[in-house]
Amino acid sequence: MTRSEQHAWASLAANGLIFFYFQHRMLDGWAVADLAPKQMIWTYVAIVVAVVVFESVIAGVLAARAARAPERVVEDERDQAIQAAANNREHWFIAAAINILVIQLLADLAYPGHVFPRVDLTRPETIFFILFATLFAGHAVKLASVIVAYRR
């Protein structure tokens, strides 16, 4: 297993745990809970700090393991192509998710009272949750793309 694939697996697991904590703080059942702005700020800060700490630990452990390994594998063109493709998939996913939110918002304005499934985009808590969850999902798409590409 390459170092990039190991990083993707570890990062996917860490981000899954962090997202579990995030959704636990933000959701009450299936609905976004009513939270005070200070609670949302502290949730945001805790999530960012957790991501930085987890990613630093993962990178440090993998670097230490690579330093002890007798063979020094250098990243080649295939690794760079895999990362570029994964980044591209992440960007497309995030762009698609944001466009879905925009269409939802415009449909609510243009067709009040429509029967289509909707997300209440008038509450700051909901917007915060959706945008942050979109970032998590985009990163998961990137990591899964890396894993799938190395498995081929």
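Structure: see above.
Here goes a summary of the coordinates provided. Every residue gets a number counted from 1 within its own chain, in the order that chain's sequence is written. The predicted origin of the model limits local features to residues at a pLDDT of at least 70 and limits the giving and counting of side-chain atom pairs to 80 or more, whereas totals for whole chains, interfaces and linings rest on all residues. Values reported for side chains reflect all heavy atoms of the structure, with hydrogen atoms and water molecules removed beforehand.

**Things to note about the overall build of the protein chain**
- A count of helices and strands for the protein chain gives 4 helices and 2 strands.
- Ordered by position from the N terminus, the helices and strands of the protein chain form the series α-β-β-α-α-α.
- A radius of gyration in this sense is built from C-alpha atoms; the matching globule rule multiplies 2.2 Å by the number of residues raised to 0.38. The C-alpha radius of gyration of the protein chain comes to 19 Å, more than 25% above the 15 Å expected for a compact globule of 152 residues.
- If you line up the protein chain on its principal axes, its C-alpha atoms span 65 × 30 × 20 Å. Comment: elements are numbered from the N terminus, with helices defined as DSSP H or I runs of at least four residues and strands as E runs of at least two.

**Observations regarding the nonpolar core**
- Counting 13 residues, the largest nonpolar core has F22, M26, I47, F128, F129, F132 and F136 as its most contacted members.
- Nonpolar core, defined: a set of buried Ala, Val, Leu, Ile, Met, Phe, Trp, Tyr and Cys residues in which side-chain atoms within 4.5 Å join the residues together. Here's how the labels work: a residue is buried when its accessible area is under 20% of the maximum for its type, exposed when over 50%, partly exposed in between, all with a 1.4 Å probe on protein chains only. A8, I82, V146 and I147 belong to the second largest nonpolar core, which has 8 residues in total.

**As for the side chain of D79**
- Among the secondary structure elements, D79 is positioned in helix α3 (residues 77–110).
- Positive charge is attributed to Lys and Arg, negative charge to Asp and Glu, and no charge count is given to His or to the chain ends. The rule for a salt bridge is simple: a side-chain nitrogen of Lys or Arg has to be within 4 Å of a carboxyl oxygen of Asp or Glu. Among buried charged residues, D79 stands out as having no salt bridge; its nearest opposite-charge side chain is R78, 4.9 Å away.
- Here a polar contact is taken to be a pair of N or O atoms separated by no more than 3.5 Å, where protein atoms must pair a possible hydrogen donor with a possible acceptor and residues adjacent in sequence count only if both atoms sit in side chains. Side-chain polar atoms of D79 contact the side chain of Y150, separated by 2.3 Å.

**Notes on the packing of helix α1 (residues 3–26) against helix α4 (residues 124–151)**
- Axis definition: a line fitted to C-alpha atoms, over the contacting stretch in the case of helices. Angles run 0 to 180 degrees between N-to-C directions. Where α1 contacts α4, the axes come no closer than 9 Å and their chain directions differ by 160°. Relative to α4, α1 is oriented roughly antiparallel. Crossing hand, α1 versus α4: left-handed. What sets the label is the angle itself: under 35 degrees gives roughly parallel, over 145 gives roughly antiparallel, 65 to 115 gives roughly perpendicular, and the rest give oblique. In this scheme, a crossing is called left-handed if the near helix is turned counterclockwise away from the far one by less than a right angle; it is called right-handed if the turn is clockwise.

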